[in-house]
Amino acid sequence: MKRARFISAATLALLLPLAPLAAQDSLPPAPYAYRQLPDPAQEAKAQALMETLRCLKCQSQSIADSDASMAGDMRNEVRTRIAAGEDPEAIRQWLIDRYGDYVSYTPQVKPLTWPLFAAPVLFLGFAALLLRGRFRRGKRADAALRKDKP
């Protein structure tokens, strides 16, 4: 009896880590994952929005181009909300709130991200100051050489 409990406990311990693999993609795709909206104007809004949102699984494709199941779920969510009359920017903000800033291809200037936008300008200003100093020193050296020559 003890041996049977040990075997079942050991089998459970070995199979438990494999449970998430069995759950992967077992659900059918969402209704609007691969089907367009009947209204062409709403579908155009949905397509425009989906092309600006990044697939979190593929990371280099928009959700409009990705075949990942997560992108299909996001497409379904976008189309469902567009069909309900929600504003595309409100949908984008909802997805950003849910998945983070990375989901959007158009970054927003926030207190956390402003250094990313300011750093290139600061580096260009610093490089301009360095180059200005170099050119001035070069001109002074040339002028000093000309004075020394008879």
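Residues numbered from 1 in each chain as written. Predicted model: local features only at pLDDT ≥ 70, side-chain atom pairs only at ≥ 80, totals over all residues. Heavy atoms only, no water.

Draft legend 1. Main features of a nonpolar patch on the surface. Taken together, the side chains of Val109, Trp114, Leu116 and Phe117 define a hydrophobic patch exposed on the protein surface, amounting to about 460 Å² of accessible area. Along the chain, phenylalanine 117 falls in helix α6 (residues 114–148). (Patch = residues over 30% accessible without salt bridge, like charges linked within 9 Å, V, L, I, M, F, W, Y side chains within 5 Å. Areas by Shrake-Rupley, 256 points an atom, 1.4 Å probe, with all protein chains shown as cover. Salt bridge = Lys/Arg side-chain N within 4 Å of Asp/Glu carboxyl O. Helix = DSSP H or I, 4+ residues; strand = E, 2+ residues; numbered from the N terminus.)

Draft legend 2. Representation of a positive patch on the surface in the model. A cluster of like positive charges, contributed by Arg132, Arg134, Arg136, Arg137, Lys139 and Arg140, occupies part of the molecular surface. Structurally, the position occupied by arginine 134 is in helix α6. Using a relative accessible area of 58% as the deciding quantity, one classes arginine 134 as exposed. (Lys, Arg positive; Asp, Glu negative; His and termini not counted. Charge placed at Lys NZ, Arg CZ, Asp CG, Glu CD. Buried < 20%, exposed > 50% of the residue type's maximum accessible area, 1.4 Å probe, protein only.)

Draft legend 3. Representation of the layout of surface pockets. One number sums up the size of the second largest pocket: a volume of about 170 Å³. Lining the second largest pocket we find Arg54, Ile96, Asp101, Tyr102, Ser104, Tyr105, Thr106, Pro107, Gln108, Thr113, Leu116 and Phe117. The residue makeup of the lining of the second largest pocket, split by class, is six nonpolar, four polar and two charged. (1 Å grid on protein atoms, 1.4 Å probe; cavity = no way out; pocket = protein on both sides within 12 Å on 5 of 7 lines; lining within 4 Å. Points joined across faces, edges and corners; volume = space filled by probe spheres on them. Nonpolar A, V, L, I, M, F, W, Y, C, P; charged D, E, K, R; others polar.)

Draft legend 4. Main features of the pattern of salt bridges. Under the defined criterion, the tally for this structure stands at four salt bridges. A salt bridge links arginine 81 to glutamate 77, with the nearest nitrogen and oxygen atoms 2.8 Å apart. Taken together, the residues arginine 81 and glutamate 77, both in helix α4 (residues 69–83) and four residues apart, mark about one turn of the helix. The exposure class assigned to arginine 81 is buried, which follows from its relative accessible area of 18%. The partly exposed category is assigned to glutamate 77, whose relative accessible area is 26%.

Draft legend 5. Examining the side chain of serine 66 more closely. With respect to the secondary-structure elements, serine 66 resides in the loop between α3 (40–50) and α4. The contact partners of serine 66, leaving out residues within four places of it in the chain, are Cys55, Cys58, Gln61, Ala71 and Arg75. (Contact = heavy atoms within 4.5 Å.)

Bear in mind that shape data such as this cannot, by itself, settle questions of function.
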